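What the coordinates show
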Amino acid sequence: DVKVTQSSRYLVKRTGEKVFLECVQDMDHENMFWYRQDPGLGLRLIYFSYDVKMKEKGDIPEGYSVSREKKERFSLILESASTNQTSMYLCASSPFVGDLNYGYTFGSGTRLTVV
Amino acid sequence: AQSVAQPEDQVNVAEGNPLTVKCTYSVSGNPYLFWYVQYPNRGLQFLLKYITGDNLVKGSYGFEAEFNKSQTSFHLKKPSALVSDSALYFCAVRDIASGNQFYFGTGTSLTVIP
C-alpha cells in the first residue's frame with residue numbers, strides 16, 4: 001500500500017522558532033508537494049519539487065523554504081515561525097508529472113500551532 | 001485561468017437519502033477531474049477520477065460522479081448516505097496547460113444526520 005508519512009501529527013512551536021516538517025514517501029514518486037489548509041481557503045500550494053534538489057514556489061511561498069536531498073524525503077522549513085503560520089500542513093506525492101492518470105497521495109497532515 | 005468552485009460550504013442530508021456535492025470547473029484544455037475526502041484531522045483520500053470515457057464515474061465507498069461537459073460540472077453523488085460519510089470533500093482539476101498542476105476547490109463539509 002502506497003504511503004506518505006508526515007513525522008508529526010501535532011506540533012506546538014513558539015514564535016520565532018525554526019520549524020521543520022518532514023515528509024517521506026515510499027512509492028518512488030518523482031513529485032512532492034506541500035500545502036497548507038485553512039478553513040474557507042481550501043488547500044494552498046506552498047512549494048513543490050519535481051526531482052531531487054529541485055524546488056519550485058507555489059502560490060504562497062513567503063516565510064517558507066524546502067529541502068529535497070533525497071527522492072523520498074521533502075522537508076518544509078519555517079525559518080522563523082509566526083502565529084499566522086498556524087495551520088494544517090499536508091504533504092503529497094505523485095508519479096511522473098506527465099502521467100495524468102494519477103492523482104496525489106496525501107499524508108495524514110501536521111497540525112501546527114505557533115504560540 | 002484554471003479554477004474549481006464548490007458553491008456550498010456545508011451540505012446536510014438525512015441518513016438513507018441521496019446526497020450531492022457540487023463542483024464546477026474551468027480549464028483551458030480537457031479536464032482531468034478528481035474527488036477527495038478528508039476525515040477529521042486526517043489527510044485527503046482519493047475517491048474517484050474522470051480522465052476520459054463514460055461520463056458517470058464510480059469510486060470508493062459507493063460514491064459516483066457525473067461529468068457534464070456542457071455545464072462544466074463534476075458533481076459527487078451517492079444514492080444512500082451513511083453517517084460515516086460525514087467529512088470534508090474536495091473537488092480538484094488537473095490542468096495540462098499549467099504543467100499538470102492540481103487546483104483544489106475550497107471544500108464542502110458534508111453532515112449526514114442520523
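The coordinates are above.
Along each chain, residue indices are assigned from 1 in the same order as the chain's sequence is written. For this description, chains carry letters from A and ligands carry numbers from 1, given in the order in which they are written. Totals for whole chains, interfaces and linings use every residue, but because this is a predicted model, local features are given only for residues with pLDDT of at least 70 and side-chain atom pairs only at 80 or more, for both listing and counting. For side-chain calculations, the full set of non-hydrogen atoms in the structure is used, while hydrogens and water are omitted.

Some points on the overall build of chain A
Here is the rule: The secondary structure listing takes helices from DSSP runs of H or I that are at least 4 residues long and strands from runs of E that are at least 2 residues long, numbered from the N terminus. Summary of the burial criterion: residues with accessible area below 20% of their type's maximum are buried, those above 50% are exposed, and those between are partly exposed, where the area comes from a 1.4 Å probe applied to protein chains only. The contact definition used throughout considers only heavy atoms, calling two residues in contact when any of these lie within 4.5 Å. For the accessible areas, the method is Shrake-Rupley and the probe is 1.4 Å, while residue cover comes only from the protein chains on display. Under the counting rule used here, the positive set is Lys and Arg, the negative set is Asp and Glu, and His together with the chain ends is not counted. The location of each charge is read from NZ of Lys, CZ of Arg, CG of Asp or CD of Glu.
In terms of helices and strands, chain A carries 0 helices and 12 strands. Across chain A, helices and strands are ordered from the amino to the carboxyl terminus as β-β-β-β-β-β-β-β-β-β-β-β. The proportion of buried residues among the 115 residues of chain A is 50%. In chain A, 55% of the contacts between residues at least 6 apart in sequence involve partners at least 24 apart. Carbon together with sulfur atoms contributes 49% to the accessible area of chain A, which is approximately 5,600 Å² in total. Between the averaged position of the 15 positive side-chain charges in chain A and that of its 15 negative side-chain charges there is a distance of 7 Å.

Brief notes about the nonpolar core
Counted only if it meets this: As used in this record, nonpolar core signifies buried Ala, Val, Leu, Ile, Met, Phe, Trp, Tyr and Cys residues forming a set joined through side-chain atoms within 4.5 Å.
Formed by 27 residues in total, the largest nonpolar core has its most connected members in Trp-35, Leu-47, Leu-48, Phe-74, Leu-76 and Tyr-89 of chain B. Of all the secondary-structure elements, those providing two or more residues to this core are β2 (10-14), β3 (19-21), β5 (32-38), β6 (44-50), β8 (64-68), β9 (73-78), β10 (87-95) and β12 (108-113) of chain B. The greatest single-element share of this core, amounting to 4 residues, is contributed by β10 of chain B. Ignoring sequence-local partners within four residues, the contact set of Phe-74 of chain B consists of Cys-23, Leu-33, Phe-34, Trp-35, Leu-48, Lys-49, Tyr-50, Ala-65, Glu-66 and Phe-67 of chain B. One finds Val-4, Met-27, Leu-112 and Val-114 of chain A within the second-largest nonpolar core, a separate group that totals 21 residues.

Re the interface of chain A and chain B
Operational definition: For any pair of parts, buried area is found by adding up, for both, the accessible area (1.4 Å probe) each one loses once the two are put together. In the analysis that follows, any N or O atom pair within 3.5 Å is treated as a polar contact, provided that within protein one partner can donate a hydrogen and the other can accept it, and provided that, for residues neighboring in sequence, both atoms belong to side chains. When residues are grouped by polarity, Ala, Val, Leu, Ile, Met, Phe, Trp, Tyr, Cys and Pro land in nonpolar, Asp, Glu, Lys and Arg in charged, and all others, Gly among them, in polar.
Contacts between the two partners involve 28 residues from chain A, matched on the other side by 21 residues from chain B. Between chain A and chain B the total buried area reaches about 1,900 Å² when both faces are included, carbon and sulfur atoms providing 50% of it. Counting across the interface, chain A meets chain B through 3 residue pairs in polar contact (both at pLDDT 80 or more). Those elements that place two or more of their residues in the side of chain A that touches chain B are β5 (31-38), β6 (42-49) and β10 (87-94) of chain A. Within the side of chain A that touches chain B, the residues separate by chemical class into 15 nonpolar, 10 polar and 3 charged.

What about the side chain of Glu-64 of chain B?
All names here are of chain B. With respect to the helices and strands, Glu-64 occurs in strand β8. A distance of 2.9 Å separates the side chain of Glu-64 from the side chain of Lys-58, its partner in a polar contact. With sequence-adjacent residues up to four places away left out, Glu-64 is seen in contact with Leu-48, Leu-56, Val-57, Lys-58, His-75, Leu-76 and Lys-77.

Considerations on the pattern of salt bridges
Heads up, the condition is: A pair is scored as a salt bridge if a Lys or Arg side-chain nitrogen falls within 4 Å of a carboxyl oxygen belonging to Asp or Glu.
Within this structure, the stated rule accounts for 10 salt bridges over all chains. A salt bridge links Lys-18 of chain A to Glu-79 of chain A, with the shortest nitrogen-to-oxygen separation between them at 3.7 Å. You can see Lys-18 of chain A sitting in the loop between β2 (10-13) and β3 (19-21) and its partner Glu-79 of chain A sitting in the loop between β9 (73-78) and β10, a full 61 residues away along the chain. For Lys-18 of chain A, a relative accessible area of 46% puts it in the partly exposed group. Close ionic contact of Glu-64 of chain B with Lys-58 of chain B constitutes a salt bridge, the shortest N to O distance being 2.9 Å. We classify Glu-64 of chain B as buried; its relative accessible area is 18%.

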